[in-house]
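Remarks on the overall topology
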Amino acid sequence: MKEMKGKILFLFLAGMLCIVQSAQGQLDISFEKGKHVYFHPEGWTPPGSGYEEIEQATAKGYHPFYAIFLQNLPGEGNASDRIKQYIADLELAWAKHGFDSARSSVMLVVWNDACEKPKSQRPDGTICKYELDSGVKWRGEPAHFLPARDHETYTKHFVEAVRYTPPNPAVGVLETLTSLDIYLRETTDPTIIAARQKAAEQEREQLRIAHIRSNFDYQIAFLGELLNEDKTLLPTDLSGYRNTLAQAKEIRARNDLKEMDDMADSMTASTDQLSTLVVSKKTEVKKRNYHIEKMTSLLQENTTFLPSDISRYQKMLGNAKDTRSHGIVEDMDDASRSLTDGEEELFLFVHKQKEEAAALKRMETTASIVFLLFSLFAFFGLGFRHRNFKRMRQTFEKEVEERERKIRNASGQYLRFHEERDEISALMKSASGREKELLDSTTAEVDAIYVALRALETHLAKCKTKAIRSSFWNLTYLREALADLETEFEFDTGEINKDELFGQETKIVKVNPVGFEQDLTKRFRETQEDWNLLKQALAVKSELAEQAFPHRKLDELFAICDTQSIPHQWLSKHPLAGDRASDERVYEKLNTLRLRDAVTYVEHLQTLRTEEMEMEAGIHQIVAALQEVQTSRIEIPELQTVIEDPNDDPAVTFRRATQEEEELQSRLAAADTVAEIEVLARRISERYRTCAKQIDLIRRAIDHAEKSIADARTIYERTGDIRSKAQIRETETVRVHTGCRAAESIADGDKSLESGTVSLSEAEQRLRENKHLSARRSADKALDQFKAAEDSFAKAIRHCDTLDAKKVEYERKMVSIETDRETCEQQIRGYGTDTTLNVYRKPVINGPADYNILLDEIERIKNGWRSELRRAREVYEERERQRREHEEMERHRLYEEEQRRRRIEEEAEWNRQTFSSSWNSSTSSPSSSSWSHSGNDSGSGYSSGGSDHSSDSSSSSGGSSTDSGSSGYSSGGGDF
């Protein structure tokens, strides 16, 4: 009984430890019904106002909305992943207390004081984030949220609010809540959706009614306008059209939509026919009027372009006007045809005359253009030459100005040097040795540089003189002057020419201006350095060596060495490191050299100072190395444990560090370079730091080894339960399924579980032996192995679940497979094909089966059904296409026959009327000139005229039939 109580207490404590450990990095925010705004920590509120408005808005909203404000985000790692995981964990915990995860939306804001600053001014590690998580229902149903995209439509209100000055996160959350609630209400509320659909249907019905009425009104108005056209354009019998118009107006008065819709279809054909006839006759009238106006315009042309005799054309125009005045369209054909031929003949004559006149004018224009181009060429040529002259002159002046500036600067340097030379020469009249040599060489070099400057100045003056001779019409001298600025010139060095017997007295050399300037600059810089050395030598002549190179710096270095226990041998090479007599000899030599040769004295003094600075730097480096060792030195505490591996023992590391520290003291007395001391000191410091890490690792092992073993034991027990479940699931699965691989995963888990058990036993044994470090390492190893075993067992369970899901899917498909086949057969019959699809024969299953193969077989036979359906649809569509083409051709044929019949009837009627008119005219005035004229025209061209008219009418009617026929046939989260 006691053992049982002890075991229960042990499991309870282990469970509490697991809960505490799993709760690390989480915040405890309890869910309260009716509360929608939460702050953590309690009593803290972000800046701004409006949190009460959020609570009120959520109470009145369409869907639940919760706002959570955190001052700090728990956990470690990527902030975006942490905030999403935190929301998921919080919703899971809240679901146990009435939280509706399907319809509720949660917005979490991480805010602290640094978030009020711009991003660039926030400290490193500052987290200012927000995340909106909508309910599962809204992501899977009509709203269809995609958090990475659609949520941005609503969260942008929050981002804008926190960018104000001052920021107000409450306003941003409230606006996000409001916009999201409006969207969900409009897209998911059945009442609003039904009302919207009803309004859309009513609108479509109103549009249909308005279309029927407007179309019918248009047909009535159009037919009325046609009947009001000029009578000469309309058929003689209009009774049918007028009856149709009266009937349509009666139907419109009754406002019966069905009658209007049916009547509009019947009116379209007759109205289009009448419209075609009117349009064709209007076209004929317009064509004849056009030719009359064209002939009239041609006869009014300039007499230069007209023939000498135009009476024939005037007679044609008069006949056409006379026939037009009769008002009968058909009577205009002969006169119009004659006028058309004459108009075309006269147009060609006039056009030819105009072309000849235009050609002559083009020749004159070409000559004018050539003259103008020549003038422009001359103008622009002179302008280009002027710009070229101006540009060259500006370039030359700029170059000359730059070189004159350099010469002026150099001359100023020479004058300054000349003044200093006179002053120093007076003071150094008694100079000798290096002083005399350096003074003479420097003076000579500066004088030579000055002579060279005068040579450059003279060369520049020659170039300017040559450039002045240039002008607008002659640029040669300016080009040569520009070239001379960069060309070699001769320079008299002023030195005696000892190389040629009969040559010039002084040496003449050729000089490149650009290279010469660079060479003079270099020579002057070197001369200036020598000159500064002379001035420095002059300055130290009156200063004793004891003052220029004092003993004070060496005394300071000796004091540092004594403080840090550094041997004095590191300063033994200093010239003043000896006794007083030695120092006096050094100073005596320096003072003698100062009085005899000050230049050499200055150079030697600089060498001594450099050596002293190097010694000082070395001493400071040694001091820094020793201080690093002192800083990192530690003491070994008493550790109540047994350490097996020397590499883990801080005592071993400490002993090595102290041994090397003793070696460091001996090296200080024997080392040749500072680098050796620094390397050894760094190694000692690193050993002390390693020793500190080992001590910390052992202390943590002593404190946590027992807990690590307890955690491993807890995982072991949990893994055993999972193994039992996996074994049961595997046993059940192999009875139903073939190809089950769960046993392999269980075997892998058993291996890991066995290895973990061994490691756990080792950990417990080492803990009993007081080997805490080894015990904790074995416990951690056992924990990893138990987790690996747990993963393998879970994998086996998932594999069994997957196989069972395949079986369920197969049974579901078997329930509906016959219905699917019948549906597919009905669709195929709907396409006009009678077929019987293959029936799926359900196999007899008396034991385990591979449901993946069975599902593949079902999918294969369904693909065959779909192929049959696709072929039936393609055959049906091809058959329908051919049928529509045949019907279209038949309608077109019938329409052409109808048009041909109408043209024959119209021609017969026109011939009858023409014969009757001619007979009446001959009876009333048999001797009149008009009859004689008409008879001559009719007799000479009646047959052709009738034929032509028939051709025109046929052409016109054919055009109309085409138009009429065509008309008839066509009738989410982020930072802030």
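Cut-offs applied
Numbering of residues starts from 1 in each chain and follows the order in which that chain's sequence is written. Note on the predicted model: pLDDT of at least 70 is required for a residue's local features to be given, and 80 or more for side-chain atom pairs to be given and counted; whole-chain, interface and lining totals, by contrast, use all residues. Side-chain figures throughout are based on the complete set of non-hydrogen atoms in the structure, without hydrogens or water. The numbering of helices and of strands both runs from the N terminus, where a helix is a DSSP run of H or I of at least 4 residues and a strand a run of E of at least 2. Only protein chains enter the calculation, and the probe is 1.4 Å; a residue is then buried if its accessible area is under 20% of its type maximum, exposed if over 50%, and partly exposed in between. Method for areas: the Shrake-Rupley scheme with a 1.4 Å probe, in which residue coverage is limited to the protein chains shown. Exposure above 30% relative accessible area and the absence of a salt bridge qualify a residue for a patch, where like charges join within 9 Å and nonpolar side chains (Val, Leu, Ile, Met, Phe, Trp, Tyr) within 5 Å. A carboxyl oxygen of Asp or Glu within 4 Å of a side-chain nitrogen of Lys or Arg is what we treat as a salt bridge. Side-chain atoms alone can form a polar contact between residues adjacent in sequence; in general such a contact is a pair of N or O atoms within 3.5 Å, and within protein one must be able to donate a hydrogen while the other accepts it. The contact criterion used is simple: two residues touch if any of their non-hydrogen atoms lie within 4.5 Å. For a helix, the expected span equals 1.5 Å multiplied by the residue count minus one. Each residue gets a pLDDT score, which is the predictor's confidence in that residue and runs from 0 to 100. To pair, rings of Phe, Tyr and Trp, with the six-membered ring standing in for Trp, must have centres within 6.5 Å; the planes then decide the type, stacked if under 30 degrees apart, edge-to-face if over 60, and tilted in the middle. Cation placement over rings: the criterion is NZ of Lys or CZ of Arg within 6 Å of the ring centroid and within 35° of the ring normal. We treat two strands as partners when DSSP finds at least two bridges between them. Looking down the strands as they point away from you, a crossover is right-handed if its path from the first strand over the helix to the second goes clockwise. Take the buried Ala, Val, Leu, Ile, Met, Phe, Trp, Tyr and Cys residues and link them wherever side-chain atoms come within 4.5 Å; each set so joined is a nonpolar core. Two cysteine sulfurs form a disulfide in these notes if their separation is within 2.5 Å. Inter-axis angles, ranging from 0 to 180 degrees, are taken between N-to-C directions of lines fitted to C-alpha atoms, where helices are fitted over the stretch in contact. Each angle receives one of four descriptions, namely roughly parallel if under 35 degrees, roughly antiparallel if over 145, roughly perpendicular if within 65 to 115, and oblique otherwise. Helix crossings get a hand from a simple test, with the near helix turned counterclockwise from the far one by less than a right angle marking a left-handed crossing and a clockwise turn marking a right-handed one. Charged-residue counts in this description rest on Lys and Arg as positive and Asp and Glu as negative, His and the chain ends being excluded. To locate a charge, the coordinates of NZ of Lys, CZ of Arg, CG of Asp or CD of Glu are taken. Here the term charged refers only to Asp, Glu, Lys and Arg, the term nonpolar to Ala, Val, Leu, Ile, Met, Phe, Trp, Tyr, Cys and Pro, and the term polar to all other amino acids, Gly among them.

1. Considerations on the overall build of the protein chain
Of the regular secondary structure elements, the protein chain holds 24 helices and seven strands. Scored against the burial criterion, the 976 residues of the protein chain give a buried share of 34%. Summed over its atoms, the accessible surface of the protein chain is roughly 59500 Å², and 52% of this surface lies on carbon and sulfur atoms.

2. Brief notes about a nonpolar patch on the surface
Taken together, the side chains of I369, L372, L373 and L376 define a hydrophobic patch exposed on the protein surface, amounting to about 360 Å² of accessible area. Tracing the chain through its elements places L373 in helix 11 (residues 333-427).

3. Quick word on the side chain of S104
Along the chain, S104 turns up in the loop between helix 3 (79-95) and strand 3 (105-110). In this structure the side chain of S104 is engaged in a polar contact, spanning 2.6 Å, whose partner is the backbone oxygen of D100. With near-sequence residues (within four places) excluded, S104 lies in contact with P64, Y66, F99, D133, S134 and G135.

4. A word on helix 6 (residues 169-188)
The end-to-end C-alpha distance of helix 6 is 28 Å, a good match for the 28 Å that 20 residues give at a rise of 1.5 Å each. Along helix 6, the residues that are buried comprise P169, A170, G172, V173, T176, L177, S179, L180, D181, L184 and T188.

5. With respect to the confidence of the model for the protein chain
The predicted model of the protein chain averages 75 in pLDDT, with 75% of residues at 70 or higher. Under a pLDDT of 50 for its full length, residues 9-25 has, in the predicted model, nine contacts with residues more than four places off or in other chains. Per-residue pLDDT stays below 50 along residues 918-971; that stretch engages in 43 contacts with residues further than four places along the chain or on separate chains.

6. Regarding the pattern of salt bridges
Taken as a whole, this structure holds 40 salt bridges when the rule is applied. Linking E259 and R254 is a salt bridge whose minimum nitrogen-to-oxygen distance equals 2.9 Å. One network of salt bridges, in which partners are shared, links E818, R821, E825, R829 and D834.

7. Regarding the packing of aromatic side chains
In this structure the tally under the stated criterion is 17 aromatic pairs. Feature note: the residues F31, Y38, Y66, W94 and F99 constitute an aromatic cluster, connected by ring pairs. The aromatic ring of Y62 is capped on one face by R103, whose charged end is 6.0 Å from the ring centroid.

8. Observations regarding the pairing of strand 3
Of all the six residues making up strand 3, six are buried; the element is thus mostly covered by neighbouring parts of the structure. Covered by surrounding structure in strand 3 are S105, M107 and V109 together with V106, L108 and V110, the residues of both alternating faces. Pairing geometry for strand 2 (residues 65-70) and strand 3, over six bridges, is parallel. Across the sheet, the residue bridging to A67 is M107, located in strand 3. At this point the chain moves from strand 2, through helix 3, to the parallel strand 3, and the crossover so formed is right-handed.

9. Regarding the nonpolar core
Counting 36 residues, the largest nonpolar core has I566, W570, L571, I619, I622 and L664 as the members making the most contacts within it. With eleven residues, helix 18 (residues 598-632) is the single largest residue contributor to this core. Those residues within four positions of L664 in sequence are excluded, and the remaining contacts are L626, V629, I677, L680 and I684. In terms of nonpolar packing, the next biggest core, distinct from the first, is built from 25 residues, M107, W138, V159 and L184 among them.

10. Considering helix 21 (residues 742-768)
The terminal C-alpha atoms of helix 21, which comprises 27 residues, lie 39 Å apart, in line with the 39 Å expected from a rise of 1.5 Å per residue. A742, S745, I746, G749, S752, L753, G756, S759, L760 and A763 are the residues of helix 21 that are buried. Of the surrounding elements, those touching the buried residues of helix 21 are helix 20 (674-734) and helix 22 (772-830). Two residues or fewer after helix 21 comes N770, characterised by a positive phi angle close to 65°.

11. So, the state of the cysteines
For the coordinates displayed, the defined rule picks out one disulfide. Residue pairing for C115: its cysteine sulfur links by disulfide to C128, the two sulfurs lying 2.0 Å apart. Measuring the twist about the S-S bond at about -95°, one finds the C115-C128 disulfide to be left-handed. With C115 in the loop between strand 3 and strand 4 (129-133) and C128 in the loop between strand 3 and strand 4, this pair connects stretches of sequence that are 13 residues apart. For the residue pair C115 and C128, the accessibility class agrees, reading buried in each case. Cysteine C740 is unpaired, with the sulfur of C800 as its nearest cysteine sulfur at 4.4 Å.

12. Thoughts on the packing of helix 21 against helix 22
Taken N-terminus to C-terminus, the directions of helix 21 and helix 22 make an angle of 165°; their axes are 7 Å apart at the nearest point. As the angle between them shows, helix 21 and helix 22 are arranged roughly antiparallel. For the pair helix 21 and helix 22, the crossing hand works out as left-handed.

13. Focus: the sheet that holds strand 7 (residues 974-975)
Read from one edge of the open sheet, five strands run 1-2-3-4-7, paired in mixed fashion. Two strands lie at the open edges of the sheet, namely strand 1 (37-40) and strand 7, each paired on one side alone. Bridge analysis of strand 3 against strand 4 gives five bridges, and the strand direction is antiparallel. When the sheet's bridge partners are listed, V109 is paired in strand 4 with Y130.

14. A closer look at the side chain of T719
Note on placement: T719 falls in helix 20. Contact partners of T719, with chain neighbours within four places excluded, come to L753, F786, A789, E790 and F793.

15. A few points about a negative patch on the surface
On the surface, a cluster of negative charge is made up of E546, D579, E584 and E588. Take D579: it is sitting in the loop between helix 16 (552-564) and helix 17 (580-596).

16. Some thoughts on the packing of helix 5 (residues 152-162) against helix 6
Helices that pack against each other are described as a pair by the angle of their axes relative to one another and the distance between those axes. For the pair helix 5 and helix 6, the least separation of the axes is 7 Å and the interaxial angle reads 165°. Viewed along their axes, helix 5 and helix 6 adopt a mutual orientation that is roughly antiparallel. For the element pair helix 5 and helix 6, the recorded crossing hand is right-handed. Listed contacts from helix 6 to Y154, T155, H157, F158, A161 and V162 of helix 5 are P169, V171, G172, V173, E175, T176, S179, L180 and Y183. Grouping the amino acids of the contact of helix 5 with helix 6 by side-chain chemistry returns nine nonpolar, five polar and one charged.

17. Some remarks on the environment of V37
In this structure, V37 sits in strand 1. Sequence-wise, V37 and T58 are 21 residues apart; in three dimensions their C-alpha atoms are separated by 9.2 Å. Excluding its chain neighbours within four sequence positions, the residues that come into contact with V37 are Y51, I54, E55, A67 and F69.

18. Description of unusual backbone geometry
In this model, H40 is joined to P41 through a cis peptide bond whose omega is 5°. Take P41: it is sitting in the loop between strand 1 and helix 2 (51-60). The residue N255 is not glycine, and still its phi comes out positive at about 60°. Here N255 lies in the loop between helix 8 (239-254) and helix 9 (257-299). Of note, N770 is a non-glycine position whose phi angle comes to about 65°, a positive value. Along the chain, the position of N770 falls in the loop between helix 21 and helix 22.

19. Notes on the environment of H97
Of note, H97 is situated in the loop between helix 3 and strand 3. For the pair H97 and K33, spaced 64 residues apart in sequence, the C-alpha separation works out to 8.3 Å. With residues up to four places along the chain from it excluded, the contact list for H97 reads F31 and K33.

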